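So you can see what is in the structure, the chains are spelled out below.
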Amino acid sequence: MIELVIPDAEAMEALGARLAPLLRAGDLVQLDGELGAGKTTFTRGLGAALGTREAITSPTFVLAREHPTTSGTPLVHVDAYRLATAVELEDLDLDWEHSIVVVEWGAGKLDDAGDRIELMIERPHGGDPLAEDSPRHVRIAGVGDRWKDLDATPWTAAF
Ligand SMILES: Nc1ncnc2c1ncn2[C@@H]1O[C@H](COP(=O)(O)OP(=O)(O)O)[C@@H](O)[C@H]1O
Ligand SMILES: [Mg+2]
């Protein structure tokens, strides 16, 4: 488990960008944390680093959005907030194998999805999450063989 303090939204995007070079087709990234924690902000930085044509925004009203990237492997961005179960996630009929898939609100809904990297983002001080930059606590864990050698080095450089 890697634990970080991310001081502001810009640093959260930079954190997403740091994950980009580690990812390949078939990888799954699970993001959890309350509304306004910074899941979409993280994904925006990840998408920019993967070279998506358009900026990542919250997919709340479309469940899943596929973004072509410069590598040819699309980034599929899922907001599972309104999904109750893993079964529904499977029903989305995503091309998991050939995509990098990021799922916001994945906790408890991806239990059969196998290897993945999980980020839990916490806002320690409460208050209005959209008001201004404030630190987030981020825990990063690798699940399964794919991530068994997850190395803290790329994550720990100062922002
Ligand atoms: N340290 C931080 N990390 C990420 N976002 C932050 C931080 N501080 C303030 N913010 C703000 O919090 C909001 C996070 O929103 P968003 O990324 O959409 O959250 P989520 O997708 O988890 O609901 C943004 O308005 C962002 O600018
Ligand atoms: Mg979001």
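**Focus: the coordination of the magnesium ion (ligand 2)**
- Coordination sphere of the magnesium ion (ligand 2), protein contribution only: T40 (OG1) and E104 (OE), at 2.2 Å. Taken as a pair, T40 in helix α2 (residues 39–50) and E104 in strand β5 (residues 100–104) lie far apart in primary sequence, 64 residues in all.
- For T40, a relative accessible area of 14% translates into the label buried.

**Considerations on the site of ligand 1**
- Close to ligand 1 lie 20 residues; G36, K39, T40, T41 and S134 are nearest.
- Interatomic distance of 3.1 Å between a backbone N/O atom of I6 and a nitrogen atom of ligand 1.
- One of the backbone N or O atoms of G38 is found 2.9 Å from an oxygen atom in ligand 1.
- Expressed as a share of its isolated accessible area of 570 Å², the protein-covered part of ligand 1 is 84%.
- Among the secondary structure elements, those contributing two or more residues to the shell around ligand 1 are α1 (9–19) and α2.
- Examining the composition of the shell around ligand 1, we find that three residues originate from one element, α2, more than from any other.

What counts as what
- Residues numbered from 1 in each chain as written.
- Chains lettered and ligands numbered in written order.
- Predicted model: local features only at pLDDT ≥ 70, side-chain atom pairs only at ≥ 80, totals over all residues.
- Heavy atoms only, no water.
- Donors = N, O, S within 2.8 Å, 3.2 Å for Na, K, Ca; no water.
- Helix = DSSP H or I, 4+ residues; strand = E, 2+ residues; numbered from the N terminus.
- Buried < 20%, exposed > 50% of the residue type's maximum accessible area, 1.4 Å probe, protein only.
- Near = heavy atom within 4 Å.
- Polar contact = N/O pair within 3.5 Å; in protein donor to acceptor, adjacent residues only side chain to side chain.
- Areas by Shrake-Rupley, 256 points an atom, 1.4 Å probe, with all protein chains shown as cover.

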